[in-house]
Every structure is written in C-alpha cells, then in structure tokens.
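Summary of the model geometry
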Amino acid sequence: MTITIDGPAGSGKSTAARKVAARLGIPYLDTGAMYRVVTLAALERGVDLGDEAALTELARTADFALDPGPTHIRVTLDGRDVTEEIRSMRVNDHTRFIAASPGVRKLLIEKQREIGARLGSMVTEGRDQGTAAFPDAELKFFLDAAIEKRAERRLHELRADGEEVTAQQVLENLAERDRTDAGRAVAPLRRPPDAIEIDTTHLSIGEVVDTIIGHIERAGLLERRADARSAGASSAQAAAGGAGHRDSKS
Ligand code: C5P
C-alpha cells in the first residue's frame, strides 16, 4: 500500500507523513531529503549546478543513506551525519538546480520505487510522488496553505535549528521555490487530479493527521493494512528495519 502526500514547502506534509505513517505502523519516505543531500554533495564538491551530466553523475555515485529516526529521517553523506546540514538556508537556496535536473530526477524516482517495492507499504512525501513516482498509489493527498503561514512555519523550524534568518528571507526563498517547483519542465509540482486536497492554513498538525487518517479509514485501507500485517508480519518488519529503509548509493 502506497500513500502519497505532495505539496509545497511548509504545507505540513513532512510532519503529517511521519505521523500518519506512525499511526499506521508503516515506514515513511521523505523524498525532499534525497534532493537536499544531493544538493549538499554538489555544493561540497564544487559541482557546476548548471552541468546536467555532472549532476546526474553525482546523483549516481554520491554515497548517501536515509535512516528513519525518532523525530525525522537521519541522513548521511559519505558516512557523515548531515541531517541538520541539509535543512540549512544554504541548501534551501540551491535545491532548485538539483530538482530541475532530468537525470537526477530519473535516478531518484527509480530509487524511490525500489524502496517502495522493498517496503511493501509506506507513506511517501514530496512534490511528485502522486504524479511521477507513484501514479498508481492507493491514496493520494495534496497539502497546501497560504504562503504567509508556510513561511511562518519554516521560520520557526529554521530558528529552532539555530539558523539566523529573517522572516523576509524565508518568505522570498519559499516564493522562489514555489515558482521553480511549479514551473520546471520535468515533474513540476502539480496536484494529482485524483488527490484529496487539504488546506492546512488553519489546521493544527493533529487535525491534518486526523483528516488524512479519516480518509484512509473510509477508503478501507486500514483493514487492508491489518490483513497484510497479519499475513506477512515478519517480512514487513525485516523490510522496514535497517537495510529495508536504507537508501544507500555507492
Ligand atoms: O520537501 P523539501 O522542502 O525538503 O524539499 C526540498 C526541495 O527538493 C524542494 O524545494 C523541491 O525543489 C525538491 N523536491 C522535488 N521533488 C520531491 C521532493 C523535493 O523536486 N519529490
């Protein structure tokens, strides 16, 4: 069972995906972390962000891994923990070059499908999960919120991580990312036509999670998940543990 949650930055999709997955007892995949870690690798190695062949080669060879942690996915690059670093404004300001690369997107989508196949069930979130990566997902959501609200949430997160950043910088970065995410030629941010849209502007995270779980329940997916778990509890557990959810490239 694959449940996709797409939407712009600050729409609440990452937290919602994590909490919905925890309620369902299945893993979640933060695909933004993949674009972020490739961005960090490109910045560190001085790769020309306009060089499509070099970016694709970097995405193919970069040694990064994603491991589920208690609060969010822990990410390593060349064995080094970069979980915090990939959330920095420096990375925020450059992800759009990586996200616009057709070669990188193709590789990361292949990786996401491999992970999905291995896990069997997951909640996956990003910009293109219900459109390009998993068009046949059982249930798709699209979260959105007013840009001022999204900027407020991101500012809060960045300051909590110790970043010295102004509200204006965050708003401008979000507006720029919205524009490039929606305007790029490959896999632009679009609401999948068959997605359930949730405006989170005036909702708490708990309300967003309850709304999503309500839809999952009404779609009959809770029973399916329970059946799948009792039929293959041990194999699902093996897949969700260490190597199953580890996205390692070498
Ligand atoms: O979701 P998050 O803000 O962490 O994503 C970082 C960036 O990665 C986004 O601004 C977007 O450009 C890109 N992205 C993408 N496709 C995804 C997930 C993220 O293009 N599925």
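Just above, that's the structure.
Each chain has its residues counted from 1, following the order in which its sequence is written. Side-chain atom pairs in this predicted model are given and counted only at pLDDT of 80 or more, local residue features only at pLDDT of at least 70, and totals for whole chains, interfaces and linings cover all residues. Excluding hydrogens and water, the side-chain figures rest on all heavy atoms present in the structure.

At their nearest, the axes of helix 8 (residues 147-160) and helix 9 (residues 167-183) sit 9 Å apart, and the two run at 120° to each other. Judged by the angle between their axes, helix 8 and helix 9 are oblique. Here helix 8 and helix 9 pass one another in a crossing that is right-handed. Contacts from Ile147, Glu148, Arg150, Ala151, Arg154, Leu155, Leu158 and Arg159 in helix 8 reach Ala167, Val170, Leu171, Leu174, Ala175, Arg177 and Asp178 in helix 9. Here the nonpolar group is Ala, Val, Leu, Ile, Met, Phe, Trp, Tyr, Cys and Pro; Asp, Glu, Lys and Arg are the charged ones; every other residue, Gly included, is treated as polar. Taken together, the residues of the contact of helix 8 with helix 9 break down into nine nonpolar, no polar and six charged. Here, axes are lines fitted to C-alpha atoms. For helices the fit covers the stretch in contact, and angles between N-to-C directions go from 0 to 180 degrees. Each helix is a run of DSSP H or I of at least 4 residues and each strand a run of E of at least 2, with the numbering of both proceeding from the N terminus. Roughly parallel covers angles under 35 degrees, roughly antiparallel covers those over 145, roughly perpendicular covers 65 to 115, and oblique covers all other angles. Left-handed is the label given to a crossing in which the near helix is rotated counterclockwise from the far helix by less than a right angle, and right-handed is the label when the rotation is clockwise. By definition in these notes, contact holds between two residues if any of their heavy atoms fall within 4.5 Å.

The next point concerns the side chain of Asp30. Checked against the element boundaries, Asp30 lands in strand 2 (residues 28-30). On the basis of relative accessible area, Asp30 is assigned to the buried category, the value being 6%. Any N or O atom pair separated by 3.5 Å or less is treated as a polar contact, with the protein-specific requirement of one donor-capable and one acceptor-capable atom, and with residues adjacent in sequence counted only for side-chain atom pairs. Only 3.1 Å separates the side chain of Asp30 from the backbone nitrogen of Gly32, close enough to count as a polar contact. Reaching out from Asp30, the side chain makes a polar contact with the side chain of Arg87 at a distance of 3.0 Å. Burial status follows relative accessibility: with a 1.4 Å probe on protein chains alone, a residue under 20% of its type maximum counts as buried, one over 50% as exposed, and anything between as partly exposed.

Glancing now at the sheet that holds strand 8 (residues 196-199). Within a beta sheet, neighbouring strands are joined by backbone hydrogen bonds and run either parallel or antiparallel to one another. For two strands to be treated as a pair, DSSP must find at least two bridges joining them. In spatial order, the strands read 2-6-1-7-8; together these five strands make up an open sheet with parallel pairing. The strands lining the two open edges of the sheet, one partner per strand, are strand 2 and strand 8. Pairs of neighbouring strands in the sheet enclose a mean axial angle of 20°, with direction left out of account. Strand direction decides the pairing type here: strand 1 (residues 2-6) and strand 6 (residues 122-126), joined by five bridges, are parallel.

Throughout, the term near means that a residue has one or more heavy atoms lying within 4 Å of the molecule or strand in question. What surrounds the ligand is a group of 17 residues, the closest being Arg36, Arg105, Asp128, Arg177 and Asp181. Measuring from an oxygen atom of the ligand, one finds a side-chain N or O atom of Arg36 at 2.6 Å. A distance of 2.6 Å separates an oxygen atom of the ligand from a polar atom in the side chain of Asp181. For the area figures, the Shrake-Rupley method with a 1.4 Å probe applies, and any residue is considered shielded solely by the protein chains shown. Within the complex, 100% of the 460 Å² of free accessible area of the ligand lies under protein. Of all the cavities here, the one that holds the ligand is the largest pocket. Elements supplying a minimum of two residues to the shell around the ligand: helix 2 (31-45), helix 5 (95-99) and helix 9. If you tally residues by element for the shell around the ligand, the top one is helix 2, at four residues. Definitions used throughout: a 1 Å grid over protein atoms alone; a cavity as a set of points that fits a 1.4 Å probe which cannot get out; a pocket as an open set with protein on both sides within 12 Å along at least five of seven lines; a lining residue as one with an atom within 4 Å of a point. Whether a molecule lies in a cavity or pocket depends on its atoms, and more than half of them have to be within 2 Å of the grid points.

This part is about the pattern of salt bridges. Whenever a carboxyl oxygen of Asp or Glu lies within 4 Å of a side-chain nitrogen of Lys or Arg, that contact is scored as a salt bridge. Per the stated rule, a full pass over the model turns up 22 salt bridges. Among the ionic pairs, Arg80 bridges to Glu85, the shortest N-O distance being 3.6 Å. Using a relative accessible area of 34% as the deciding quantity, one classes Arg80 as partly exposed. When the shortest N-O distance is used, the salt bridge between Asp178 and Arg150 registers 2.6 Å. Of this pair, Asp178 sits in helix 9 while Arg150 sits in helix 8, and the two are 28 residues apart along the sequence. With a relative accessible area of 4%, Arg150 lands in the buried category.

Let us now look at the layout of surface pockets. Grid points are joined across faces, edges and corners, and a volume is the space filled by probe spheres set on the points. By volume, the largest pocket amounts to about 930 Å³. Around the largest pocket, the lining is made up of 39 residues, and of these Ser14, Thr15, Arg87, Arg154 and Glu157 lie nearest the centre. Residues belonging to the lining of the largest pocket are distributed by class as follows: eight nonpolar, 14 polar and 17 charged.

Remember that the coordinates give geometry; whether it matters functionally is a separate question.
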